[in-house]
Structure formats: C-alpha cells, structure tokens
Amino acid sequence: MDAIKKKLKEKGLEKAEILKKLIKDHGNTVIQETTMAQVLTGMKGVVALLTETSSLDPKEGIRYRGYTIPEVREKLPKLTEDGEPLPEGLFYLLLMDEIPTLDEVKQISYEWSKRAHDIPQYVFDVIDAVPKDAHPMIQLNTAILAMSLQSQFRKAYEGGMDKKDFWDPMFEGVMDLIARLPVIAAYIYRRVYHNADYISADPTLDWAANMAHMMGFKDQNVHRLMQLYAIVHADHEGGNVSAHTTHLVGSALSNPYYSFAAGMNGLAGPLHGMANQDVMHWLDKLLFFSGTDTPNKEQVRAFALKTLDEGNVIPGFGHAVLRKTDPRYTVQLDFANKYVPDAKYIKLANNIYEVVPDVLLATGKVKNPYPNVDAISGSLLSSFGLTQHGIYTVMFGVSRSIGVLSSLVIDRLYGLPIERPKSHPLEFFMKKAGIKNAYWRAMTNAAKAIAGQRRGGGMGR
Ligand code: HAX
C-alpha cells in the first residue's frame, strides 16, 4: 500500500495547490447565474460542488474519470480474458486518475481481503440486536455506525494532526470500511433470508466475487455479475443524494463511517437507491393485476396508468439529470441478453421499455421518460437466483462505497472546507419575484372565498 499512498499524496497535494491558487487568484470569477426555478426545484443544474471521480452528461450518461462504462469495461484489468474488470481497479482509477496495472488491482484486492477479517464481534452482535424483519438497509447502517468506534480519524484530529495530513487516516478508514462492507452485507442477507446460516469468506476471491460467495452463490457467472454490478453502481457524479450527503457530512470532518452512513440513509429513499426494490414490487403487482406472467402491451399500459392515477411514480423510470436511457441500464441489459436472455423478468423489462416511456411522456411533465439503472438491476439479479428484493439496496450501497469513499479521500487530500450554502425563507423568493405578501394574501383569500361559494352553492342544490 505504501507505493499507492505515496503516489496518491504526490498527486493530491499538487491538485490541492492548484485549488488554493484558483480560490486566491480567481475567487471572484462568476461561473453561472442561478434561476429561481433551479433553487426551488432541488438545485438541478446549479454548479456547486467539486467532484473529481465522475461526471454525468444528460445525453451521454456517466463517465468515470473521463471513461464511459463500456470503456471502463474494456480498459480496466481483468482476472480472465472473458471476465469483468474488478471494482478494485475502478477504485484505483477513481482515486488516482490512472488505469491501474493488474498487479496494482491485485494489491488492492489483497488489502481488502486482509482488512475484511478485522470486524469486531460486537458489530455482528449489534446487527443481531436489530429485529430480523427490520429492512436490511436499517441493519446495514446500524453496522456501519457501530464500526465507527474503530475509526482512527477522530483520534488523529484530537491528536492535533496537521489538516493537510487528514487524508491519511481517512484513506485508512475508507480502505477498512470498503473491505468490510461485503462481509456485513452477506451477513445481513444470510441472517434475514437463510436462517442465519453463514458462509465464511474465501480469501482467494476478489471483493465482489467474495460477496457473492458469502451470500451463497458459487456460480462464476454470478461472480461476474457482482463485479459488473459494483462497477455500474459505483458513482454518479457528486450531486446525487448518496454522494452529496457523504461529501457534505465529511466536510464537517466527520469520520468515514459517519459520512458513509449518512449517504446510505439517502440511498434508502424510494426516489434514489430503494427504487431497485420498488421496481420488483411494481413488476410483481403488474403480473398480479394482469393475471399472467407475460402481460401484453395493453395490460402494461393499463397498469402504468393506474399507478399514475393513484398518485404514485413508476419506479425505475426518470432521472434528475439524464435525458435518455441510462447507459447503466443498457450495460446490464446486454449482460442479461448474453447470459439469461429468456428469463421471465428480463422479457418483462423489455416489454415495459416499449410502453412506459410513452405513458410518462403523455403526462406532459416528466422530463426523462426513459429507464434508469434501477429499471433492470433487480430483474437481472433475480434472473440469477437472487430473488430477495430487500437486499438490493444494500448491494447498491456496497457498490456505491467505491465512488463516494474514494471522493471522500480526495476531499481531505484537497483540504476542502466545511460546506455551508445560503438559504432563505419563502418571502425572499416572493420579493425577488416582485410578489407582495399582502397582495398574495388577498389573492389567496379571494380564491378561497370563490371556492367556498361554489361549495355552498353545490350543497344547496
Ligand atoms: N413516474 C411518475 N412520475 C414521474 C416519474 C416517474 N417515473 N418521473 C418523474 N415524474 C414526475 C415527478 O414526480 C414530477 O411530478 P410533479 O411535478 O407532480 O412533482 C414531474 O414528473 C417532473 O419530474 P422530473 O423533473 O422529470 O424529475 P425529478 O428530477 O423531479 O425526479 C426522479 C427524478 C428520479 C426522482 C423521478 O424521475 C422519479 O421519481 N422516478 C421514479 C423513482 C426512481 O426510479 N428513482 C431512481 C432514480 C435513479 C437513481 O437515483 N437511482 O439510485
């Protein structure tokens, strides 16, 4: 690890100098103007963060350090010719901005395998104290917080460490945490779905394959799927809820466990990572509603319309940034078409793709009617026998650690300060729009009075 850390420090400190110069000499440069709509609809498109690991183009999709996912799959080292690249290699790429050699990938793999064994027993006891039927994301986050007892970051802070060296205990904590997540995820999975019949890690396997192995999957193709799954879910620019939250909490110099747990709480929301589980529930309800395993287009359309009529979103469709089919969807579909083309849920996903975008477009308000990463991930996993939907967001979280935690190390290397944007009450925005409070109240009261008269008239008839 020493060689990797040395290189990381050299690269990071050079960039930190550039950053300081930008702030000092160009601090007043205006980057963009921000509209009222942007602020009031979730800061969409507002340039507000520095994130090195990946960037998201609305039309093209995600690039990891400049590489598209197909390019990453082609360029990162693989253990076998026909295999998938390892997430270890992606971690290296995101952190170092450099394609690693196979040797470097193996070093990270070895390091994670070594560190995975050091989870204290109390962490498993804490998981066991949570009711078994608590959602697996609750169990994951409980375990992550419990592990923060082991963080060296706070000790380094209290010991008066120079701010420019914080990246070092952060790197160590991040390496420990990433190493341990598959063990924790597999423990939760076996606890909840396999009667606590646990399987030990296989030290000869890589990080993602080991997670599959500890969950009970021996099939090489499932190991490949886990490697691909982790790469596809690793990062999605800095502004998404899990990445931004991890970064924000880290900016208070919270340790890596606190920061990542915060991000995972965000991932557990249905509009973000929990959508992968919700998609499967939606598909199962569709099958029930249609009374068949192979609903036709009319049946899919009718169920999609019913979902909207009931005031719900159609999970797996839409995106806050993307304006086309998510390339992460396409990569997973290609994998499915290669290995499980006839699987029930893959056929279903294909059918839905042909119907749902038009239904969403017809609402006139959905900005992106196309499928996102979550529209297919559960169908793919379940086609390989991983049918317990409650674990899907946990697996997403394990994968997301690669991106958000490499970013957290970079944040400390660059010495980024505490984040503190400005907020205002509604009246500020009304004033900006030239709407006076008294006028607004008068209008609202008048509208209420008219509505009251109408109601009264109706009742009298
Ligand atoms: N079904 C129904 N309505 C949808 C919709 C969908 N799939 N996607 C967007 N809309 C609605 C919004 O709810 C919003 O309605 P209101 O104006 O009535 O509030 C309107 O269309 C405009 O929304 P938007 O600007 O197109 O989308 P947002 O940036 O506000 O939201 C979401 C993006 C991903 C949250 C949204 O598309 C959604 O709810 N999709 C379904 C849930 C989902 O799949 N989430 C996972 C996204 C990918 C991800 O982060 N994975 O982790």
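For the structure, check the block above.
## Overview of the packing of helix α9 (residues 167-193) against helix α10 (residues 207-215)
Where α9 meets α10, the axes come as close as 8 Å, and the angle between the chain directions of the two elements is 20 degrees. With respect to α10, the element α9 is oriented roughly parallel. Here α9 and α10 pass one another in a crossing that is right-handed. Contact with α9, carried on its side by I178, A179, P182, V183, A185, A186, Y189 and R190, involves W207, M211, M214 and M215 of α10 and no other residues of that element. Here the residues of the contact of α9 with α10 are counted per class, giving eleven nonpolar, no polar and one charged.

## Here we look at the pattern of salt bridges
The final tally for this structure, using the stated rule, is 28 salt bridges. A salt bridge links E158 to R154; the nearest nitrogen and oxygen atoms lie 3.0 Å apart. Taken together, the residues span about one helical turn, with E158 and R154 both in helix α8 (residues 153-158) at a distance of four residues. E158 sits in the exposed class, given a relative accessible area of 55%. Residue class for R154 comes out partly exposed when judged on its relative accessible area of 48%. Via salt bridges that share partners, K5, E111, K114, R115, D168, E172 and D176 belong to a single interconnected network.

## Brief notes about the packing of aromatic side chains
Taken as a whole and judged by the stated rule, the model has 15 aromatic pairs. Summarising the aromatic geometry, the rings of W282 and F303 are spaced 5.2 Å apart at their centres and angled 50 degrees between planes, so their arrangement reads as tilted. In this pair, W282 is assigned in helix α14 (residues 275-290) and F303 in helix α15 (residues 297-309), connecting sequence segments 21 residues apart. Note on accessibility: W282 and F303 belong to one class, buried. Put simply, the rings of F91, W112 and W207 touch in pairs and so form one group of aromatic residues.

## A short note on the site of the ligand
Taken together, 21 residues form the shell around the ligand, and within it G316, F317, K365, K367 and D374 come nearest. Note that an oxygen atom of the ligand is positioned 3.1 Å from one of the side-chain N or O atoms of K44. Interatomic distance of 3.0 Å between a side-chain N/O atom of N372 and an oxygen atom of the ligand. The protein chains hide 75% of the 910 Å² of surface that the ligand would expose on its own.

## Quick look at the nonpolar core
Counting 120 residues, the largest nonpolar core has L90, I184, M215 and L386 as the members making the most contacts within it. Per element, the largest residue contribution to this core is 16 residues, and it comes from α9. Look past the residues within four positions of L90 in its chain and what remains in contact with it is Y64, V72, L76, I231, A234 and I402.

## Some thoughts on the side chain of S407
Relative to the helices and strands, S407 resides in helix α19 (residues 392-414). You can call S407 buried: its relative accessible area is 13%. Beyond its immediate sequence surroundings of up to four residues, S407 is in contact with T51 and T53.

## Section: unusual backbone geometry
Only a minority of non-glycine residues have a phi that is not negative, and only a minority of peptide bonds are not trans. If you check the backbone angles, D97 has positive phi at about 55 degrees while not being a glycine. Located in the positive-phi region is L253, a residue other than glycine, with phi close to 60 degrees. On the secondary structure map, L253 appears in the loop between α12 (241-250) and α13 (256-267). Owing to a relative accessible area of 28%, L253 belongs among the partly exposed residues under this scheme.

## Brief notes about the environment of Q227
By the element assignment, Q227 lies in helix α11 (residues 220-233). Separated by 141 residues in the primary sequence, Q227 and L86 place their C-alpha atoms 5.7 Å from one another. Those residues within four positions of Q227 in sequence are excluded, and the remaining contacts are E84, P85, L86, P87, D206, A208 and A209.

## Here's the deal with the pairing of strand β1 (residues 54-57)
Taking every second residue as pointing to the same face, the buried face of β1 carries S54 and L56, while none of S55 and D57 on the other face is buried. Bridge count between β1 and strand β2 (residues 61-64): four bridges; the pairing is antiparallel. The residue of β2 that forms the bridge with D57 is G61. In textbook terms, the turn of a hairpin is the stretch between consecutive antiparallel strands, and for β1 and β2 this stretch comprises three residues.

## Describing the sheet that holds β1
In spatial order, the strands read β1-β2-β3; together these three strands make up an open sheet with antiparallel pairing. The two strands at the open ends of the sheet, each matched to only one other strand, are β1 and β3 (67-68).

## Digging into the packing of α12 against α19
Between α12 and α19, whose axes approach to 10 Å, the crossing angle comes to 30 degrees. As the angle between them shows, α12 and α19 are arranged roughly parallel. Pair α12 / α19 crosses with right-handed handedness. On the side of α12, the interface is formed by S242, A243, T246, H247 and G250, while α19 contributes R400, V404, L405, L408, D411 and R412. Residues that form the contact of α12 with α19 fall into these classes: four nonpolar, four polar and three charged.

## Details of the pairing of β2
In this structure, β2 lies alongside β3, joined through two bridges in antiparallel fashion. By the bridge assignment for β3, Y64 is matched with Y67. The turn joining β2 and β3, which pair antiparallel and follow one another in sequence, is formed by two residues; a positive phi near 45 degrees is taken by R65.

Criteria and cut-off values
- Residues numbered from 1 in each chain as written.
- Predicted model: local features only at pLDDT ≥ 70, side-chain atom pairs only at ≥ 80, totals over all residues.
- Heavy atoms only, no water.
- Axes fitted to C-alpha atoms, helices over the stretch in contact; angles between N-to-C directions.
- Helix = DSSP H or I, 4+ residues; strand = E, 2+ residues; numbered from the N terminus.
- Parallel < 35°, antiparallel > 145°, perpendicular 65-115°, else oblique.
- Left-handed = near helix turned anticlockwise from the far one by under 90°.
- Contact = heavy atoms within 4.5 Å.
- Nonpolar A, V, L, I, M, F, W, Y, C, P; charged D, E, K, R; others polar.
- Salt bridge = Lys/Arg side-chain N within 4 Å of Asp/Glu carboxyl O.
- Buried < 20%, exposed > 50% of the residue type's maximum accessible area, 1.4 Å probe, protein only.
- Phe/Tyr/Trp six-rings, centres within 6.5 Å; stacked < 30°, edge-to-face > 60°.
- Near = heavy atom within 4 Å.
- Polar contact = N/O pair within 3.5 Å; in protein donor to acceptor, adjacent residues only side chain to side chain.
- Areas by Shrake-Rupley, 256 points an atom, 1.4 Å probe, with all protein chains shown as cover.
- Core = buried A, V, L, I, M, F, W, Y, C linked by side-chain atoms within 4.5 Å.
- Pairing = 2+ DSSP bridges.

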